[in-house]
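Here is what each chain is made of, one letter per residue.
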Amino acid sequence: MLRRRRAGSAHPFTVATTGQEEFTLDTASELAAEEGGTRIEGRSPWALAARRLRRNHVALVFLGIFLLVLVACLLAPVYAGHVSHLAKNDTNPGGVITVNGQQVNVISQGHTTIGKDGTVHVFPGGVPIGPQWGAAGGSYVLGADDLGRDTATRLLYGGRNSLFIGGFSALICTFFSVVFALLAGYFRGVPDWIISRFFDLIWAFPVVLLGIALGTALSINGFNHWFIHVSGQSLWIPTAVISFVFIPYIGRPLRGQVLALREREFIEAATSQGAGPLRIMFTELLPNIASSVLVLFTLIVANTILTEAALSFLGAGVQPPNPSWGTMIADGQNKLANDPWLSLFPGIMLAITVLSLNIFGDGLRDALDPRAKVRIEH
Amino acid sequence: MRRKRVRSVAVATVVAAGLALVVGACGGGGGGSSSTTSAAPSGSTFPTLKVVWGTTDYMDPGLSYRLESWQLFQDTYLGLVVKARKSCQTDDCTKIEPGLATSIGTVSNGAKTYEFTLRKGLKYSNGEPVKASDFKNTIIRDFNLNSPGIGFYSNIVGIDACEANPTKCKDISGIVTDDNAGTIKIDLKAPQSDFLYVLSIPFSSLVPSSTPKKDTENPPPAANGPYYIASYSPSKSFVVKRNPYWKKGEISAIPDGNPDKIVALMTDDLAQAAQLVASGKYMYDENTLPTDRLSFYKNKYPNLIKFFTTPSTYYFFMNQRTPPFNSLQARQAVNYAIDRNQLVNLRGGLGVPTYNFLPPSYPQYKKLTPTPYPYDLAKAKQLVQQSGTAGMKVTVYTIGDVSIDKATGEYLQGQLKKIGWNAQIRELAGANYFTIIGNQSTKAQIGFTDWFEDYPYPTDWFNVLLNGDRITQVHNNNYGNVDVKSANTEMNRLAHLPPSQALSSSTNDAWAKLDNDLMVKNAAAAPYLNGIITSFFSDQMNVACDIFTDNQDDPAQFCMK
Amino acid sequence: MVAFIIRRIFGMVLVLLCVTFIVYLIFIKIPGGDPAQRIAGKVATTGNIIAIRHKLGLDHNFVIQWFDMLKSLFSGQLVSYYDGTNVAQQIWEGMPATFSLCIGAGIIWLGFGVLIGTISAVYAGRFSDRMITGLALVGISLPVAWLGLILRYLFAEDGLGSWFPDGGYVPLTQDPVQWAYSLILPWLTLSVLFIGFYGRVLRSNILDTINEDFVRTAKAKGLSSRRIMVKHVLRASLIPIVTLFGLDFAAVLGGGAIITETVYTLHGVGYYAAQAIGNLDLPPLMGVTLYGATFIVVFSTLIDIAYAYLDPRIRLS
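Conventions used here
Residues numbered from 1 in each chain as written. Chains lettered and ligands numbered in written order. Predicted model: local features only at pLDDT ≥ 70, side-chain atom pairs only at ≥ 80, totals over all residues. Helix = DSSP H or I, 4+ residues; strand = E, 2+ residues; numbered from the N terminus. Buried ≥ 20, exposed ≤ 12 C-beta atoms within 10 Å, placed from the backbone. Contact = placed C-beta atoms within 7 Å. Nonpolar A, V, L, I, M, F, W, Y, C, P; charged D, E, K, R; others polar. Expected span 1.5 Å × (residues − 1). Arc of directions from axis to C-beta. Pairing = 2+ DSSP bridges. Axes fitted to C-alpha atoms, helices over the stretch in contact; angles between N-to-C directions. Left-handed = near helix turned anticlockwise from the far one by under 90°. Core = buried A, V, L, I, M, F, W, Y, C linked by C-beta atoms within 7 Å.

### Thoughts on the overall build of chain A
(1) Moving on: Within chain A one finds 12 helices and 8 strands.
(2) Moving on: Relative to its 378 residues, chain A shows a buried fraction of 54%.
(3) Moving on: Looking at chain A alone, contacts between residues at least 24 apart form 69% of all its contacts between residues at least 6 apart.

Printed below as a string of structure tokens:
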């Protein structure tokens, strides 16, 4: 997430996938050659893309992995209710569990003695129990945190929050980027100038710095202006912050595509038939950038999830006690020496999720936009 | 981020009434008695002490309000009176002794006038003589700097104009100095039990009148102690050297010190600091060891780590102006619902459970017996039921960017849930946590707080933290809005005693009774532990020399093997 | 051309002004963030708070406050609300650490990125390509903070051993060996992401370039494939990589390495920014944002101008 641009293989600022190569341009014969000579006439481009995607087994496997993670996270309450028997924020610091017939403290107990000469002896404690895998029934499968909460349960709930923020911020970001790109590309002139300068402005910020500054400021007192009232702990705050900082990263390449499309004959044709701006934007221009939007969306989700982790790590993301993978990594950092698992597990989950999204996103791009290439764009 | 919280400071001094057990040999840097097993050896001089130090706010005695700086100031900036440099574990570390003045002052005019005479021939590290007028100018400088310390001087006659507009403060009529005679006369509006303690804190430590009336850090103002701070690079490093003008043995309370030079690397990364000392690159770690590595270091270097209890109390405030904590039963329930041993555990064991408000090192401390609130969830639950507030929404406030404070808040939230409230948590940045909970409009119900003393007298605890007469709309320190009329009256009475009575046994008993009344009868707060800090040395050092003077150890007294 | 450059510079300054104004707006309204109350300490008097507000200029209209802050920033007078240190000087002192981190990491990521990009393009479709592409994808999927923590734990805090210093930065001038030694883990942490990313971009560039006409011509001329690869394909494919590098490098110099610096306690500009956010300290944040944004904007503009100069097809409008 430190990386500034990662939208696809494209560099949104000077390098980008351009609209000139959208798949509808492929001639039937070219496509037929690629499809190994099978019949393609009469099929829609989307159907062809779906067919190509179906043949990309690696991408499908990783889509499967992602869905598995998603479903597991959605089933968090079931896990909490029937396996770990501890809800996500249930603390259990003085708890005792039975492992292989033996009583074990969930948190090791330390104490202090003060000698007659005033010398203080500290016997350190407070080390949470590590992963029990199956040894303690269903509880503490992945160990406990410093308050005796069940790591596995929190990992699943944390995944919900991370995916929620990642997904919704990508959605919001993509939505606004598309709207801005359409407005700028269609009207050109002054609206384009304003929108481009807006992109420049966000672009000029170091992303993490802007994200943390906004996240910190908003989480202190929430957002209470106009008719919007969001409390400081709401998940919508990191969601909004992340979607905001990524807008130019999608908005810029899309704007370039729309500008290019705007010059094309079919737009002229539509205008001459009396189509209004809205109709041209949404029925002519939008379908033509839809494939790029889909590809960019998949790839930006991976980034928003990583950014959530970065913000949470610096305390500007999900507000405790609700877990997210990012806050769990951050919480675990002070327990690394005693219990590295606390940071390891959420990190691994995060990496797996992001990796599967990246691989699936690649496959999707290959399927939708097979000739997309890196090109200098201005 | 492994970061220490910006915590308020403390300087240690006095206490311990008339039975000042002046162990003869402890001053003067030499001749420490090693006849008893407990007395620390005084060691001999050595060229360079390399230390790892925590970062601080300022290195100007008029501005700094952090322990990290005050620990250095004890050897560089002295006041008219100073705290004794004696081990709290073996000696009376709480006694006020003469510093730059020849005595701890003469008191007259119904305990409202203090007179001091400066020692002759004292010089600052830049060669300037120490003058009586420097004291007055130091206090005026504090005001001109908008120092956080100026609130300590409100009882001096003629201070009102300066308080109204500190930047324009030019003169304080209640302080009269005579440079030729070296005398300083201070008039107070009313007797003040803790005035000598106030004179011992760094805000009252003399700097030359020529010191610029702005933040002076590079280098810091000229010093009058055995050492001076030769250079300081904020958050990175500092160098302390011997003051060439220091008169050895002149001030018996202040040892001349062993190292000729102290070179410090500053960092807030506890793990890094510990590793630098363990590897022998540095000789002393001023930071506390990271809790997750405590057992590791303790097992590996059992003889190089010292633990000290600090005069600090960690407690939960409960806002008596808002339900449910306007009910005594609700406040008692909280006291029963917290397992103090678990809260100590959250700090890795670095704490001693407590039910008192005052820390145990005070002579005014009297352990509350029998244990007033043994951990009892069932009883707590019952009390919540009786108070009729079960199911009420309760928001726990805590600091979110310090992991232990955060865990503490979440622990409390978990416990409050278990006893029948709908407990929520609100985590704020350490930087503005106290300003927010100290603002009445926040209506903070309950939350984490701690207190490190400024000086070791109960006025710095009860009158600041629990006095109903001092509740303010903003920047309030009485977060719980504790307002017990009888206690307020008693606190005010005890704060205005002549110094001769300030440490008498009846006064001490009165303070102890106040502790009992507020903590047990009123359940005004839920204190849970006194902090423990560590001192970690490399194996070049002789750990036995290290003594803990109330709130910190004194690097000048360290010695090598 | 001159008009174009002037216009870009004018736009640049405008963007930078707006950047500082936005940071200012974000932080000025934080509740409990009133620096005067915090400076006045725990036994604050009302008179002192008013005096501090006046001294810091907080009693002015907020646009004037912003303007004053900029003015003192540019005259090198701006000081932190938290510890009174000079912002410009602190940024200046943080630059050696940040530059050491970024230059070292930049060399690693560019070198390895080009290496693995080329290898996987040459062996496109084969096992080694898949292997490398897969690893590159894993690299870009790792959260930096986590990677840094784990590396530090494993290699500096006895996870597997403690072969590296446990955080901290040693100035190059003080001890070059320790300098490099203390930076190895941070360099790795920062470059892992970029290696994966650059490798992937280069791979696809090379594969595209191979199909270009001039490569076909070279093939037709009978040049050896190694020669074609190095002399024609790689050279052409590297141009966009260099552009990319310019921008990414500007971004990490400008505070983008904030997490790496924080995890390893490198006292660079990013660490300074993180501390300032923790202290809710507006002046350093203004300084760092302006510093970071300047790098990003200047590098972007330079690259635009360079392109405009090199590529006559680009319209300067």
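### So, the interface of chain C and chain B
(1) Moving on: Between chain C and chain B, the contact holds 33 residues from the first and 35 residues from the second.
(2) Moving on: Contributions of two or more residues to the side of chain C that touches chain B are made by helix H2 (35-39), helix H3 (46-55) and helix H12 (269-278) of chain C.
(3) Moving on: For the side of chain C that touches chain B, the element with the most residues is H3(C), which contributes 5 residues.
(4) Moving on: Of the residues that constitute the side of chain C that touches chain B, the class distribution is 10 nonpolar, 16 polar and 7 charged.

### Observations concerning the environment of B:Glu163
(1) Moving on: Along the chain, the position of B:Glu163 falls in helix H3 (residues 160-164).
(2) Moving on: The class for B:Glu163 is partly exposed, based on 19 C-beta atoms found within 10 Å.
(3) Moving on: On a C-alpha basis, the gap between B:Glu163 and B:Val81 in space is 24 Å, while along the polypeptide they are 82 residues apart.
(4) Moving on: Residues within four places of B:Glu163 in sequence aside, it is in contact with B:Ser154, C:Thr45 and C:Gly47.

### Focus on the environment of B:Val277
All names here are of chain B.
(1) Moving on: Following the sequence through the fold, Val277 ends up in helix H5 (residues 270-278).
(2) Moving on: Since 27 C-beta atoms lie within 10 Å of it, Val277 is described here as buried.
(3) Moving on: Separated by 223 residues in the primary sequence, Val277 and Gly54 place their C-alpha atoms 13 Å from one another.

### Points about helix H3 (residues 57-74) of chain A
Residues and elements named next belong to chain A.
(1) Moving on: Between the first and last C-alpha of H3 there are 25 Å, a value that for 18 residues agrees with the 26 Å anticipated at 1.5 Å per step.
(2) Moving on: Regarding H3, the residues found buried are Ala59, Phe62, Leu63, Phe66, Val69 and Cys73. Buried residues of H3, viewed axially, fall in a sector of 120 degrees; they line one side. Exposed and oriented more than 90 degrees from the buried face of H3 are His57, Gly64, Leu67, Leu68 and Val71.

### Observations concerning the interface of chain A and chain C
(1) Moving on: Residue-level contacts link 48 residues of chain A with 56 residues of chain C.
(2) Moving on: Those elements giving two or more residues to the side of chain A that touches chain C turn out to be helix H6 (189-204), helix H7 (207-221), helix H10 (277-313) and helix H12 (341-368) of chain A.

### Examining the pairing of strand S5 (residues 113-117) of chain B
Along a regular strand, successive side chains alternate from one face of the sheet to the other.
Residue and element names in this part refer to chain B.
(1) Moving on: Covered by surrounding structure in S5 are Tyr114 and Phe116 only, the residues Thr113, Glu115 and Thr117 on the alternate face being uncovered.
(2) Moving on: Between strand S4 (residues 106-108) and S5, which pair antiparallel and follow one another directly, the connecting turn spans 4 residues, one of which, Asn109, has a positive phi of 55 degrees.
(3) Moving on: Across 5 bridges, S5 lies against strand S7 (residues 183-187) in antiparallel orientation. Across the sheet, the residue bridging to Glu115 is Lys185, located in S7.

### A few points about unusual backbone geometry
(1) Moving on: Going from B:Asn218 to B:Pro219, the amide bond is cis rather than trans, its omega being -5 degrees.
(2) Moving on: Secondary-structure assignment places B:Pro219 in the loop between helix H4 (195-200) and strand S8 (227-233).
(3) Moving on: Cis rather than trans, the peptide bond between B:Pro323 and B:Pro324 has omega equal to 0 degrees.
(4) Moving on: Despite not being glycine, A:Arg188 shows a phi value in the positive range, around 50 degrees.
(5) Moving on: By the C-beta count within 10 Å, which is 13 here, A:Arg188 ends up partly exposed.
(6) Moving on: One non-glycine residue, B:Asn109, lies in the positive phi region at around 55 degrees.
(7) Moving on: With respect to the helices, strands and loops of the structure, B:Asn109 is situated in the loop between S4 and S5.

### Quick notes on the packing of H3(A) against H12(A)
Residues and elements named next belong to chain A.
(1) Moving on: Contact pair H3 / H12: the axes reach a minimum separation of 8 Å and the direction vectors enclose 145 degrees. The element H3 and its partner H12 pack so that their crossing is left-handed. Only Ile352, Thr353, Ser356, Leu357, Ile359, Phe360, Asp362 and Gly363 of H12 make contact with H3, whose side of the interface consists of Val58, Ala59, Phe62, Leu63, Ile65, Phe66 and Val69.
(2) Moving on: A class-by-class count of the residues in the contact of H3 with H12 yields 11 nonpolar, 3 polar and 1 charged.

### Section: the sheet that holds S4(B)
Residues and elements named next belong to chain B.
(1) Moving on: If you walk across this open sheet you meet the 4 strands as S4-S5-S7-S6, and the pairing is antiparallel. Looking along the sheet, the strands with just one partner apiece sit at the ends: S4 and strand S6 (175-178). In this sheet, adjacent strand axes meet at a mean angle of 15 degrees when their direction is disregarded.
(2) Moving on: On top of the sheet, helix H2 (residues 132-144) reaches S6 and S7; it is set at about 150 degrees to S6, its chief contact.

### Section: the nonpolar core
(1) Moving on: Judged by nonpolar contacts, the single largest core of 358 residues is most densely connected at A:Ala213, A:Ala310, B:Val277, B:Phe316, C:Ala145, C:Ala273 and C:Leu285.
(2) Moving on: Among all residues touching C:Leu285, those that are not within four sequence positions of it are A:Ala213, C:Val23, C:Phe27, C:Ala273, C:Ala276 and C:Ile277.

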